[in-house]
Amino acid sequence: MIHMRVKHWIAGGLAACSALVIAATAALAQVATVTVNDLNVRSGPGTSFPVTFVLRRGDRVEIIRRQGSWAFVVGERGGEGWVFGQYLSTTAPSPAPSPTPTNDVFRGTGTIDNARYNGSGDAQLVIGRQNRDGSFSLTGGRFNVEYIGTVRSNFEGAVELQINQFRSSEMGYRTVSASGTCNIQTSGGTSVSRSFCSVTGSGIDHGRSNFSGR
């Protein structure tokens, strides 16, 4: 009976040790890059062991464990075995920079006054950061007008948009040439508070719009 208990204790101890080894190995695993032109992969941690594969500069490998100056790796391109750790770089790559927004966007909710629509609606002003392009749109239900052009000035929340194109739901969203201006007041860096737009062009009989934010 005592012998059986001893056997169970030994078996349990071995299982626990194995679990610790596996956990330690997983924690150690890391990605590295080969820094030499030809890196021999060997069957054991030493130059006396035969070469089983050759890694090239720039190859990525996963380091599974280390023994002295040697590392057991698994290559992304192939090869599994021991290499001299001095020829591996484990420096983490710099994180990719966050994309820089290309536009400033201002939005508002309020009342639209237009020859074709009068009622509640939304306003949106988009100003390009890389250039002076801009657009201003008003939407109420199925009604929509959009003024497209160049930002002439943008100072302390007062935006002047010189219009060269116009489109609307009333014209089947066709983009047509136009001329005129939109004077838009923004607030808080994100909101449209009010605006007045007036444009003329062929077939445009509803180019004048007012917007008052709530």
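Preceding this section is the structure that the text describes.
Heads up: these notes are all about the structure in this document. (Residues numbered from 1 in each chain as written. Predicted model: local features only at pLDDT ≥ 70, side-chain atom pairs only at ≥ 80, totals over all residues. Heavy atoms only, no water.)

What follows covers the overall build of the chain. Within the chain one finds 1 helix and 15 strands. By the burial criterion, 34% of the 214 residues in the chain qualify as buried. Taking contacts inside the chain between residues at least 6 apart in sequence as the whole, the part at least 24 apart equals 42%. (Helix = DSSP H or I, 4+ residues; strand = E, 2+ residues; numbered from the N terminus. Buried < 20%, exposed > 50% of the residue type's maximum accessible area, 1.4 Å probe, protein only. Contact = heavy atoms within 4.5 Å.)

With that settled, the discussion passes to the pattern of salt bridges. For side chains bearing opposite charge, pairing can occur when the charged atoms are close. Summed over the entire model, instances satisfying the criterion amount to 6 salt bridges. Among the salt bridges present, the one from arginine 167 reaches glutamate 146, with a minimum N-O distance of 2.9 Å. You can see arginine 167 sitting in strand S12 (residues 158-168) and its partner glutamate 146 sitting in strand S11 (residues 143-155), a full 21 residues away along the chain. Judged by relative accessible area, which is 25%, arginine 167 ranks as partly exposed. (Salt bridge = Lys/Arg side-chain N within 4 Å of Asp/Glu carboxyl O.)

In this model, glutamate 156 sits at a positive phi of 50°, which is unusual for a non-glycine residue. Tracing the backbone through its elements, the reader meets glutamate 156 in the loop between S11 and S12. Using a relative accessible area of 69% as the deciding quantity, one classes glutamate 156 as exposed. Located in the positive-phi region is tyrosine 173, a residue other than glycine, with phi close to 60°. Looking at the secondary structure, you find tyrosine 173 in the loop between S12 and strand S13 (176-187). By relative accessible area, tyrosine 173 is classed as partly exposed at 47%.

With that settled, the discussion passes to the environment of asparagine 114. Here asparagine 114 is to be found in strand S8 (residues 103-114). When the C-alpha positions of asparagine 114 and asparagine 210 are compared, they lie 6.7 Å apart, and in sequence the two are 96 residues distant. For asparagine 114, the residues in contact, after removing those within four places along its chain, are Phe143, Tyr147, His206, Arg208 and Ser209. Reaching out from asparagine 114, the side chain makes a polar contact with the backbone nitrogen of arginine 116 at a distance of 2.8 Å. For asparagine 114, the side chain forms a polar contact with the main-chain oxygen of arginine 208, separated by 3.0 Å. (Polar contact = N/O pair within 3.5 Å; in protein donor to acceptor, adjacent residues only side chain to side chain.)

Once that is clear, we can look at the state of the cysteines. With the rule as written, the count across this model stands at 1 disulfide. The disulfide partner of cysteine 182 is cysteine 197, and the S-S distance across this bridge is 2.0 Å. Handedness here is read from the sign of the S-S torsion; for cysteine 182 and cysteine 197, about 120°, the answer is right-handed. Of this pair, cysteine 182 sits in strand S13 while cysteine 197 is found in strand S14 (residues 191-200), placing the two residues 15 residues apart along the sequence. According to the relative accessible area criterion, cysteine 182 is buried, its value standing at 0%. (Disulfide = S-S within 2.5 Å.)

Here the focus is the nonpolar core. The biggest cluster of nonpolar side chains holds 25 residues, and the ones touching the most others in it are Leu125, Phe136, Tyr147, Phe166, Cys182 and Val192. Once residues within four sequence positions are removed from consideration, leucine 125 is found in contact with Asp104, Val105, Phe106, Ser135, Phe136, Val159, Ile184, Thr186 and Val192. Formed by 12 residues, the second largest nonpolar core is a distinct cluster that contains Ala32, Leu55, Ile63 and Val73. (Core = buried A, V, L, I, M, F, W, Y, C linked by side-chain atoms within 4.5 Å.)

Turning next to the packing of aromatic side chains. Applying the stated criterion to the full structure yields 5 aromatic pairs. Between tryptophan 70 and phenylalanine 84 the ring centres are 5.6 Å apart and the planes differ by 70°, which places this aromatic pair in the edge-to-face class. Of the two residues, tryptophan 70 is situated in strand S5 (residues 70-75) and phenylalanine 84 in strand S6 (residues 80-84); the sequence distance between them amounts to 14 residues. Under the relative-accessibility criterion, tryptophan 70 is labelled buried at 14%. Taken together through their ring pairs, the aromatic side chains of Trp70, Phe84 and Tyr87 make up a single cluster. Over the ring of phenylalanine 72 we find arginine 65; its NZ or CZ atom is 4.4 Å from the centre of that ring. (Phe/Tyr/Trp six-rings, centres within 6.5 Å; stacked < 30°, edge-to-face > 60°. Lys NZ or Arg CZ within 6 Å of the ring centre and 35° of its normal.)

Once that is clear, we can look at the side chain of serine 135. Here serine 135 is to be found in strand S10 (residues 133-140). If sequence neighbours within four positions are ignored, serine 135 has contacts with Gln124, Leu125, Val126, Glu146, Tyr147, Ile148 and Leu161.

Right, let's talk about the pairing of S12 for a bit. With 10 bridges connecting them, S11 and S12 associate as antiparallel partners. Within S12, the residue paired with serine 153 across the bridge is glutamate 160. Hairpin connection from S11 to S12: 2 residues lie between these consecutive antiparallel strands, with glutamate 156 at a positive phi of about 50°. In this structure, S12 lies alongside S13, joined through 8 bridges in antiparallel fashion. Considered in S13, the bridge of phenylalanine 166 is made with valine 176. (Pairing = 2+ DSSP bridges.)

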